[in-house]
Amino acid sequence: VQLQASGGGLVQTGGSLRLSCAASGGTFSRLNMGWFRQAPGKEREFVATISASGRSTSYVDSVKGRFTISRDNAKNTAYLQMNSLKTEDTAVYYCAADASTRSMAVVRENLYEYWGQGTLVTVSS
């Protein structure tokens, strides 16, 4: 499975961005998908996840109510809609795929086997 993340950029505080993660080489509808981020000088952290079926999602507390994860199985793509962006959201965002567990929202980073290359989101004040 290959993952290609895109959609990052520079945005002002309060703005919005939508990240996309295009998957190829596997059966996308069987992949649990996740978004993680790594800010400068910090460890990578979980942001959001969506189950293969799309029926289950989970978010880190700091983005609840602002970010929405979704997927379009017909397009083999997962999305992260980010609204009301804050400077602390500045990070490289990575998408990841888990093919080995049943359809579920996967929070644990070490359960993801496949990773995209990352896309930089910079939120300026």
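Remember, predicted model here, so these are calculated numbers, not experimental data.

Peer 1: Which parts of the structure should I look at to understand the nonpolar core?
Peer 2: Most often, soluble globular proteins keep nonpolar side chains buried together rather than apart. Counting residues in each nonpolar core, the largest one holds 29 residues, and the members touching the most others are Met 33, Trp 35, Val 47, Phe 67, Leu 80, Met 82 and Tyr 93. Elements supplying a minimum of two residues to this core: strand S1 (2-6), strand S3 (17-24), strand S4 (32-38), strand S5 (45-50), strand S7 (67-72), strand S8 (77-82), strand S9 (91-98) and strand S11 (119-124). Beyond its immediate stretch of four places on either side in the chain, Met 82 contacts Gly 15, Ser 16, Leu 17, Leu 19, Arg 66, Phe 67, Tyr 93 and Val 121. Counting residues in hydrophobic clusters, the runner-up holds five residues, among them Phe 36, Phe 46, Ala 96 and Val 106.

Peer 1: Just checking my understanding: could you explain the state of the cysteines for this structure?
Peer 2: Any covalent bond linking the sulfur atoms of two cysteines counts as a disulfide. For the structure on display, the rule yields one disulfide. A sulfur-sulfur distance of 2.2 Å marks the disulfide that ties Cys 21 to Cys 95. Its S-S torsion of approximately 65° makes the covalent link between Cys 21 and Cys 95 right-handed. Of the two residues, Cys 21 sits in strand S3 while Cys 95 sits in strand S9, which places them 74 residues apart along the sequence. With relative accessibility at 0%, the residue Cys 21 sits in the buried group. You can call Cys 95 buried: its relative accessible area is 1%.

Peer 1: Just to check I follow, could you spell out the pairing of S3 for this structure?
Peer 2: Within a regular strand, the side chains alternate between the two sheet faces. Across five bridges, the pairing between S1 and S3 is antiparallel. Across the sheet, the residue bridging to Ala 5 is Cys 21, located in S3. Bridge count between S3 and S8: six bridges; the pairing is antiparallel. From the neighbouring strand, Cys 21 faces S8, where its bridge partner is Ala 78.

Peer 1: Before we go on, may I ask you to explain the side chain of Thr 49 in this structure?
Peer 2: By secondary structure assignment, the location of Thr 49 is in strand S5. Judged by relative accessible area, which is 0%, Thr 49 ranks as buried. A polar contact of 3.0 Å, which involves the side chain of Thr 49, links it to the side chain of Tyr 112. When neighbours within four sequence positions are excluded, Thr 49 is seen to be in contact with Met 33, Gly 34, Ser 56, Thr 57, Ser 58, Ile 69, Ala 105, Val 106, Val 107 and Tyr 112.

Peer 1: Got a minute to help me understand the environment of Gln 4 in this structure?
Peer 2: In this structure, Gln 4 sits in strand S1. Classification of Gln 4 as partly exposed rests on a relative accessible area of 46%.

Peer 1: Is there a simple way to think about the environment of Phe 46 in this case?
Peer 2: Along the chain, Phe 46 falls in strand S5. Here the alpha-carbon distance between Phe 46 and Ala 96, two residues 50 residues apart in the chain, equals 10 Å. When residues no more than four places from it in sequence are discounted, the contact partners of Phe 46 are Trp 35, Phe 36, Ser 58, Tyr 59, Val 60, Val 106 and Val 107.

Peer 1: Would you take a moment to explain the pairing of S9 for this structure?
Peer 2: Burial runs high along S9: seven of the eight residues are buried. Here seven bridges tie S4 to S9, and the two strands are oriented antiparallel to one another. Its bridge partner being in S9, Gly 34 is matched across the sheet by Ala 96. Relative to S11, S9 runs antiparallel, the two being bridged by three bridges. Bridge pairing links Ala 91 to Val 121 in S11. Alignment of S9 against strand S10 (residues 114-115), held across two bridges, turns out to be antiparallel. What sits directly across from Ala 97, in S10, is Tyr 114.

Cut-offs used in this document
- Residues numbered from 1 in each chain as written.
- Predicted model: local features only at pLDDT ≥ 70, side-chain atom pairs only at ≥ 80, totals over all residues.
- Heavy atoms only, no water.
- Core = buried A, V, L, I, M, F, W, Y, C linked by side-chain atoms within 4.5 Å.
- Buried < 20%, exposed > 50% of the residue type's maximum accessible area, 1.4 Å probe, protein only.
- Helix = DSSP H or I, 4+ residues; strand = E, 2+ residues; numbered from the N terminus.
- Contact = heavy atoms within 4.5 Å.
- Disulfide = S-S within 2.5 Å.
- Pairing = 2+ DSSP bridges.
- Polar contact = N/O pair within 3.5 Å; in protein donor to acceptor, adjacent residues only side chain to side chain.

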